[in-house]
Amino acid sequence: MNIEQMPLDELFEKMQDDLYDGLADEVVAATNETLRRDLAPQEILSKGLIAGMDIVGVDFRDGILFVPEVLMAAKAMKAAMEVLRPLLVATDAPKLGTMVIGTVKGDIHDIGKNLVAMMMEGAGFNVVNLGVNTDASKFLAALREHDAQLLGMSALLTTTMPYMRVVIKALQEKGWRDKVYVMVGGAAVNEAFAEDIGADAYSADAATAVDRAKWAIKHEKRLQQKFAG
Ligand code: B1M
């Protein structure tokens, strides 16, 4: 059946299957078709792309899929995110503040972090995206260079999430801890861990991260100070 005629639930199912199979062109076509039907990007992400990647994650864990197949799926997901990017980042709102964001050292997962970055931009924040495998000195240099109020760290691996604590310690040693609102997230992270390492906020998804960031800019007066030292 032609995708234009496909019922929506079947279209989402096809999007998930094609993402699983790493078929970027097909996933992009299905994404465009959902947009043609006026669906919101958040719905396309949650019911199509993220749902598809969740299935990939389960089969990766269970040894049914291996790194090359997961890389193909990730490539397909990224291609579809590029289609959604203009919608996610578009805003007329005045700039609310600046976030420096990156995936921590040792970790190369970037899909979720990029989603957070896009949605933060869409909500009116300047976003400085440092990419993956980011060490503490790079985070700190970017905070100072861009006079950022928010630091976002993402980790997907239980082996890399402890590095978030290293970055927070580096902030403390510089005397900058109070100037920055530290936000953490990623599949490996949870609320208890965030509290344990002294982060300010844990967010399970990109939309919640945006809400927390808006809250912080409005209520955390300490974030107005400039960096020194
Ligand atoms: Co990796 N991987 N991977 N992988 N991979 C996971 C994370 C894993 C859970 C898979 C599994 O076993 N089920 C597992 C980790 C287990 C663990 O540590 N507990 C795992 C593993 C083991 C590995 C390798 C070690 C495999 C190997 O080589 N043997 C290796 C490590 C490489 C490294 O980083 N050093 C590896 C490699 C890879 C690929 C390169 C193949 C690829 C990444 C491609 C890329 O990102 N460019 C990959 C992928 C795709 C995954 C899964 C399948 C999908 C991740 C994803 O993109 N999800 C993943 C399974 C899973 O997570 N269930 C898995 C979609 C994305 C939208 O979700 O990133 O969670 P997520 O982001 C969400 C929220 O978490 C949140 O918002 C986002 C949107 O709602 N969020 C934040 C994210 N960051 C945030 C920051 C915030 C706030 C919210 O504040 C700042």
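Source: prediction; values computed, not measured.

Novice: It is not clear to me how the overall build of the protein chain should be interpreted in this structure. Could you clarify?
Specialist: Assigned secondary structure in the protein chain consists of 9 helices and 5 strands. Against the 2.2 N^0.38 benchmark of 17 Å for 229 residues, the protein chain shows a C-alpha radius of gyration of 18 Å, consistent with a compact globule. Based on the C-alpha atoms only, the size of the protein chain along its principal axes is roughly 65 × 45 × 25 Å. Classification of the 229 residues of the protein chain by burial places 48% in the buried group. Taking the intrachain contacts of the protein chain between residues at least 6 apart in sequence as the baseline, contacts between residues at least 24 apart amount to 73%. With an accessible surface of roughly 11,200 Å², the protein chain has 55% of that area assigned to carbon and sulfur atoms.

Novice: When you look at the pattern of salt bridges in this model, what are you seeing that I'm missing?
Specialist: When the charged atoms of two side chains lie near each other, side chains of opposite charge can form a pair. Scanning the model with the defined rule gives 11 salt bridges in all. R37 is paired through a salt bridge with E33; the nearest N and O atoms lie 2.8 Å apart. Taking relative accessible area as the criterion, E33 reaches 3% and is therefore assigned buried.

Novice: Would you explain the coordination of the cobalt atom of the ligand in this entry?
Specialist: A four-donor tetrahedral metal ideally has 109.5 degree angles, and a six-donor octahedral metal ideally has angles of 90 or 180 degrees. Here the protein supplies the cobalt atom of the ligand with just one donor, H109 (NE2), and that contact is 2.2 Å long. As for its placement among the helices and strands, H109 is situated in the loop between β1 (97-103) and α5 (111-122).

Novice: Quick question: what am I supposed to make of the domain arrangement of the protein chain here?
Specialist: Often the size quoted for an interface is simply the accessible area lost on bringing the parts together. The domains assigned to the protein chain are domain 1 (3-90) and domain 2 (98-224). Computed over C-alpha atoms, the centres of domain 1 and domain 2 are 26 Å apart. Our count for the domain 1 to domain 2 interface comes out at 1 salt bridge. Between K78 and D110 there is a salt bridge, with the nearest N and O atoms lying 2.9 Å from each other. Along the contact surface separating domain 1 from domain 2 lie 2 residue pairs in polar contact (both at pLDDT 80 or more). Mapped by element, the contributors of at least two residues to the side of domain 1 that touches domain 2 are α3 (41-61) and α4 (67-89). Looking at the side of domain 1 that touches domain 2 element by element, the count peaks at 8 residues for α4.

Novice: Looking at this model, I keep getting lost on the side chain of T34. Mind explaining?
Specialist: Looking at the element boundaries, T34 is found in helix α2 (residues 24-36). Classification of T34 as buried rests on a relative accessible area of 0%. Beyond its immediate stretch of four places on either side in the chain, T34 contacts L8, L11, F12, M15, L39 and I44.

Novice: Teacher, can you tell me more about the site of the ligand here?
Specialist: Within the structure, the ligand sits among 34 residues, and I108, H109, D110, S154 and T158 are positioned closest to it. Residue G106 places a main-chain N or O atom 3.0 Å away from a nitrogen atom belonging to the ligand. One of the side-chain nitrogen or oxygen atoms of D107 is found 3.5 Å away from an oxygen atom of the ligand. Those elements giving two or more residues to the shell around the ligand turn out to be α3, α4, α5, β3 (150-154), β4 (181-185) and α9 (206-219). Considering only residue class, the shell around the ligand consists of 19 nonpolar, 10 polar and 5 charged.

Novice: Help me understand α3, please; the structure alone is not making it clear to me.
Specialist: Since the α-helix advances by 3.6 residues per turn, residues separated by three or four positions end up pointing in the same direction. Between the first and last C-alpha of α3 there are 28 Å, a value that for 21 residues agrees with the 30 Å anticipated at 1.5 Å per step. By the largest-angle criterion, I50 marks the main kink of α3, which is about 35°. Inspection of α3 places P41, I44, L45, G48, L49, A51, G52, M53, V56 and D59 among the buried residues, and these make up the whole buried set. Contact partners of the buried residues in α3: α1 (8-20), α2, α4 and α5. After α3 finishes, the residue G63 shows a positive phi value of roughly 75°.

Novice: What is the right way to look at the sheet that holds β4 in this model?
Specialist: Paired through backbone hydrogen bonds, the strands of a sheet run either parallel or antiparallel to each other. Read across the sheet, 5 strands follow the order β2-β1-β3-β4-β5 without closing on themselves; strand pairing throughout is parallel. The open sheet terminates on both sides in strands that have one partner only, identified here as β2 (125-129) and β5 (201-202). Both β1 and β2 contribute to a ladder of 5 bridges, which runs parallel. Its bridge partner being in β2, I101 is matched across the sheet by N129. Set on the sheet, α5 makes contact with β1, β2 and β3; between it and β2 the angle comes to about 155°.

Basis of the calculations
Residues numbered from 1 in each chain as written. Predicted model: local features only at pLDDT ≥ 70, side-chain atom pairs only at ≥ 80, totals over all residues. Heavy atoms only, no water. Helix = DSSP H or I, 4+ residues; strand = E, 2+ residues; numbered from the N terminus. Rg over C-alpha atoms; globule rule 2.2 N^0.38 Å. Buried < 20%, exposed > 50% of the residue type's maximum accessible area, 1.4 Å probe, protein only. Contact = heavy atoms within 4.5 Å. Areas by Shrake-Rupley, 256 points an atom, 1.4 Å probe, with all protein chains shown as cover. Salt bridge = Lys/Arg side-chain N within 4 Å of Asp/Glu carboxyl O. Donors = N, O, S within 2.8 Å, 3.2 Å for Na, K, Ca; no water. Domains from an automatic or database assignment. Polar contact = N/O pair within 3.5 Å; in protein donor to acceptor, adjacent residues only side chain to side chain. Near = heavy atom within 4 Å. Nonpolar A, V, L, I, M, F, W, Y, C, P; charged D, E, K, R; others polar. Expected span 1.5 Å × (residues − 1). Bend = angle between axes of the 7 residues up to and from the residue. Pairing = 2+ DSSP bridges. Axes fitted to C-alpha atoms, helices over the stretch in contact; angles between N-to-C directions.

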